[in-house]
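What the coordinates show
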Amino acid sequence: MRLLLVEDDENIADFIVKGFKEAGFAVDHVLTAEEGLQCAELVRYDVAVLDIMLPRMDGITLLQLLRKRTSNLPILILSAKQTVDERVLALQRGADDYLVKPFLFVELLARVQALVRRASGAGEATRYVCGDLTLDLLRHEVMRGGTRIDLQPRKFALLVCLLRNEGKIVSKTMILEQIWDFRFDPQTNVVDVLVCRLRNKIDRDFPVKLIHTLRGIGYVIKRPDQAT
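Bear in mind the structure is a predicted one, so any value in this text is a computation, not a measurement. (Residues numbered from 1 in each chain as written. Predicted model: local features only at pLDDT ≥ 70, side-chain atom pairs only at ≥ 80, totals over all residues. Heavy atoms only, no water.)

**Quick notes on the sheet that holds strand S8 (residues 141-144)**
With antiparallel pairing, 4 strands are arranged side by side in an open sheet as S6-S7-S8-S9. Two strands lie at the open edges of the sheet, namely strand S6 (127-130) and strand S9 (147-149), each paired on one side alone. Put simply, the sheet's adjacent strands are angled 20° from each other on average, direction ignored. Sheet topology places strand S7 (residues 133-136) next to S8; 4 bridges connect them, and they run antiparallel. Residue Leu 135 lies in a different strand from S8, and its bridge partner there is Val 142. Running over the sheet, helix H6 (residues 153-164) touches S6, S7 and S8 and is turned about 110° from S7. (Pairing = 2+ DSSP bridges. Helix = DSSP H or I, 4+ residues; strand = E, 2+ residues; numbered from the N terminus. Axes fitted to C-alpha atoms, helices over the stretch in contact; angles between N-to-C directions. Contact = heavy atoms within 4.5 Å.)

The structure is reproduced here in C-alpha cells:
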C-alpha cells in the first residue's frame, strides 16, 4: 500500500514514516501542501495523511483541492487543534478521519488501516493462505509448514503484494510502486534482489516452491495445485 504524508515537522514525520514502513507501507513524505498536490497528480495513493498547519497553503485547502480531483482517496487529518469546530470543519471539507496531536502511532496505524479497508469496499483481508504458507497482517506474522518466518519490512510488504495477487503476475513496476517511495531510482535491480531474498526465506528450505519468475514479465505466487 502507498501512503502520502504531508507534514512539515520533520521529527513527527520521521516517526510516522518509520512506523508505516515497518508496517509494510510505501511512504512518500513531503513538507508542503503544494508538493503534496503535485505528488497526488502523479501517483495513485491508497491513503493520505495531512497536517493542517503547513507553510503557505494549509492542510484544509489541500484537502479541498484533493477532493476536487478524487472522491475516493481516504484522507486522515492530523492536527494539534483540538476544538470540536476544527474537527467538524475538516470532516465537512472532505476528511474521512481526524486525529489530534500528540497521538500514539498504533492508533494512527489502526485508523489508516480501517480507512483503506473501508475504501476497498468488501474490506481488505487481514490473513492470507497459500498452500502451507500463512500471513497475518494484524500480527505481522508469517508461518510456513508450522514454522515461523521472520521478515524485515520490505520483504513482508513484497509477500503481501504477491499474496494479494495470488495466481496473477505482479510486474516489477507494480512492486516498485507498492514498496519504494518516489525518490527511488528505478534503474537498479533492487526488485530482483528483494525477490531473491524473500525466496531464501519462503522457499529455500521447502520442497514445494511457491514464488515463480516469468522472465521479462514479473513474478507470481501460486498454491501447489495452481502450478503448471
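**Comments concerning unusual backbone geometry**
Going from Lys 101 to Pro 102, the amide bond is cis rather than trans, its omega being -10°. The topology assignment puts Pro 102 in the loop between strand S5 (97-100) and helix H5 (105-119). The backbone phi angle of Arg 56 is positive, close to 60°, even though this residue is not glycine. The residue Arg 56 is located in the loop between strand S3 (47-51) and helix H3 (59-69) in this model.

**As for the domain arrangement of the protein chain**
Assigned domains of the protein chain: these are domain 1 (2-119) and domain 2 (127-221). Each of domain 1 and domain 2 was reduced to a C-alpha centroid, and the two centroids are 28 Å apart. Contact between domain 1 and domain 2 buries roughly 910 Å² in total, counting both sides, with carbon and sulfur atoms accounting for 45%. Summed over the shared surface of domain 1 and domain 2, the number is 0 salt bridges. Linking domain 1 to domain 2 there are 0 residue pairs in polar contact (both at pLDDT 80 or more). Elements with a contribution of two residues or more to the side of domain 1 that touches domain 2: helix H1 (10-22) and strand S2 (26-30). Among the elements that line the side of domain 1 that touches domain 2, the one with the most residues is S2, at 5 residues. Tallied by class, residues from the side of domain 1 that touches domain 2 come to 5 nonpolar, 2 polar and 5 charged. (Domains from an automatic or database assignment. Buried area = accessible area lost by both parts, 1.4 Å probe. Salt bridge = Lys/Arg side-chain N within 4 Å of Asp/Glu carboxyl O. Polar contact = N/O pair within 3.5 Å; in protein donor to acceptor, adjacent residues only side chain to side chain. Nonpolar A, V, L, I, M, F, W, Y, C, P; charged D, E, K, R; others polar.)

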